[in-house]
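Per-entry structural report
So you can see what is in the structure, the chains are spelled out below.
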Amino acid sequence: MLMNTAWIQFLHAQPSAKDDLKPDETGWLALNLRASIQVAGSEAADFLQAMLTQEILTLSPTQATLSALCNAKGRILSTLTVHPEHTPQGLAYHLTVPQALRADLFKTLKLYVLRRKLSLTLADDWGFIGLINPTKDLLAALAIDREPQSLHQQIMLADGLIATWEHQSGNPRLSIQGSLAPLALLAERIAALGSIFVTQTVWDCAEIHDGLPEIHPATYLEFVPQWVNLDLLAAVSFKKGCYPGQEVIARLHYLGKSNRRMMMGHTTHPQLLTPGTLIYSANQPDTEVGEIVRSALCRSGDVVSQQFLAVIRLNHAQDALLVDHHPCTLNPNPLGENPPAQTH
């Protein structure tokens, strides 16, 4: 608790955060909407292999992976990122999850532990910072001597800190996580080297541009993985063994075709749209055609536009649409500006 207080005081001591970043600028922020669940023990890998949508047994500390935890009906409790780490007792795993869902996810995972030889821990003395568009000089100062060779490539830093490349396109994004004391020292170095303190919105806009979904309490158990493009984001393996919801997810992949997909869009609505806000057909106002996954008020110079990701019924993707009585426009490419390549 004392360390959490020190972390909060450190952040309060920072200058006012900017909500825009020029292409040649480097930004940093505290990713306070993230939390970590740590899974350790001789059966940790087998446990996560049996619980998550992505292949876990082949992971090493050089590579993280995006994944999801689903229920038996294939509905997503949360997306998450799995970060392996070598420990004296073998591989352990840090699960990066939304702060708002961490308690529920912890309870769910604990129900499945049974007699397995592993421990689950809600990591309180653990934090995250994000770097946007880090320069080569800054990376060298952080002992990161190379550009990413693959998405979610991991670098193990001093003091147990873990750096992970997260961007799909546009400006590079790097997250760094670990115990709060060394993380605060690292953040001080980053700020001293000229990085600009930015708001969470800057990071959210970059993730939306990359087509990355995020589950919120309002959309808990609302979506199957294909609806939010997790199959296209290398977050689902169709070659691994059983996990909760696998039958439903695999059936849709092999025997059917998803009638909904997550699409990027924008609207002039002045207020931030909350996850779960419904989208309707403008010509048929009673016809629900989609649902907001996440949104952000993104600034470019003096221009502010609300960007969003939404799950859309594909047979209405060409319709004129309304969200909260305001017109909204979908990106012409139904899978975003820079859809990632399929890996299955």
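Each remark here, short or long, concerns the structure printed above.
Residues numbered from 1 in each chain as written. Predicted model: local features only at pLDDT ≥ 70, side-chain atom pairs only at ≥ 80, totals over all residues. Heavy atoms only, no water.

What follows covers the pattern of salt bridges. Within the structure shown, the criterion is met by 13 salt bridges. When the shortest N-O distance is used, the salt bridge between R173 and D210 registers 2.7 Å. Of this pair, R173 sits in strand β10 (residues 173–178) while D210 sits in the loop between α6 (200–209) and α7 (246–255), placing them 37 residues apart in sequence. For the salt bridge of E207 with R294, the shortest nitrogen-to-oxygen distance reads 2.9 Å. Linking E207 in helix α6 with R294 in strand β14 (residues 288–300), this pair joins segments that are 87 residues apart in sequence. The exposure class of E207 is buried, given its relative accessible area of 8%. (Salt bridge = Lys/Arg side-chain N within 4 Å of Asp/Glu carboxyl O. Helix = DSSP H or I, 4+ residues; strand = E, 2+ residues; numbered from the N terminus. Buried < 20%, exposed > 50% of the residue type's maximum accessible area, 1.4 Å probe, protein only.)

A word on the environment of N331. Summarising the element assignment, N331 is placed in the segment after β17 (326–330). The sequence separation of N331 and V202 amounts to 129 residues, and the corresponding C-alpha distance is 20 Å.

The next thing to look at is the nonpolar core. Counting residues in hydrophobic clusters, the biggest one holds 51 residues, and the most contacted among them are V39, F47, L120 and L230. Examining the composition of this core, we find that five residues originate from one element, helix α2 (residues 44–51), more than from any other. Setting aside chain neighbours within four positions, we find L230 in contact with L66, A68, I76, T79, P213, P225, A235 and V236. (Core = buried A, V, L, I, M, F, W, Y, C linked by side-chain atoms within 4.5 Å. Contact = heavy atoms within 4.5 Å.)

An order of β8-β9-β10-β7-β1-β11 is seen for the six strands of this open sheet, with the pairing classed as mixed. One side of each edge strand has no neighbouring strand; the edge strands of this open sheet are β8 (154–156) and β11 (196–197). Across six bridges, strand β7 (residues 127–132) lies against β10 in antiparallel orientation. Paired with F128 across the strands is Q177, a residue of β10. Packed onto the sheet, helix α5 (residues 180–192) meets β1 (27–30), β7 and β10 and runs at close to 20° relative to β7. Packing against the sheet, α6 makes contact with β1, β7 and β10, and its axis sits at approximately 120° to β10. (Pairing = 2+ DSSP bridges. Axes fitted to C-alpha atoms, helices over the stretch in contact; angles between N-to-C directions.)

Within the open sheet, the five strands sit side by side as β3-β4-β5-β2-β6. Their pairing is antiparallel. Either end of the sheet is taken by a strand with one partner, and the two such strands are β3 (65–70) and β6 (119–122). Neighbour-to-neighbour, the strand axes of this sheet turn through a mean angle of 30°, independent of strand direction.

This part is about empty space enclosed by the protein. One pass over the structure, following the stated rule, counts three cavities of 30 Å³ or more. One number sums up the size of the largest cavity: a volume of about 380 Å³. Taken together, 23 residues line the largest cavity, and the ones lying closest to its centre are R34, T81, E207, P213 and E214. Those elements that place two or more of their residues in the lining of the largest cavity are β4 (76–87), β5 (90–98) and α6. It is α6 that contributes the most residues to the lining of the largest cavity, four residues altogether. Looking at side-chain class alone, the lining of the largest cavity contains 10 nonpolar, seven polar and six charged residues. (1 Å grid on protein atoms, 1.4 Å probe; cavity = no way out; pocket = protein on both sides within 12 Å on 5 of 7 lines; lining within 4 Å. Points joined across faces, edges and corners; volume = space filled by probe spheres on them. Nonpolar A, V, L, I, M, F, W, Y, C, P; charged D, E, K, R; others polar.)

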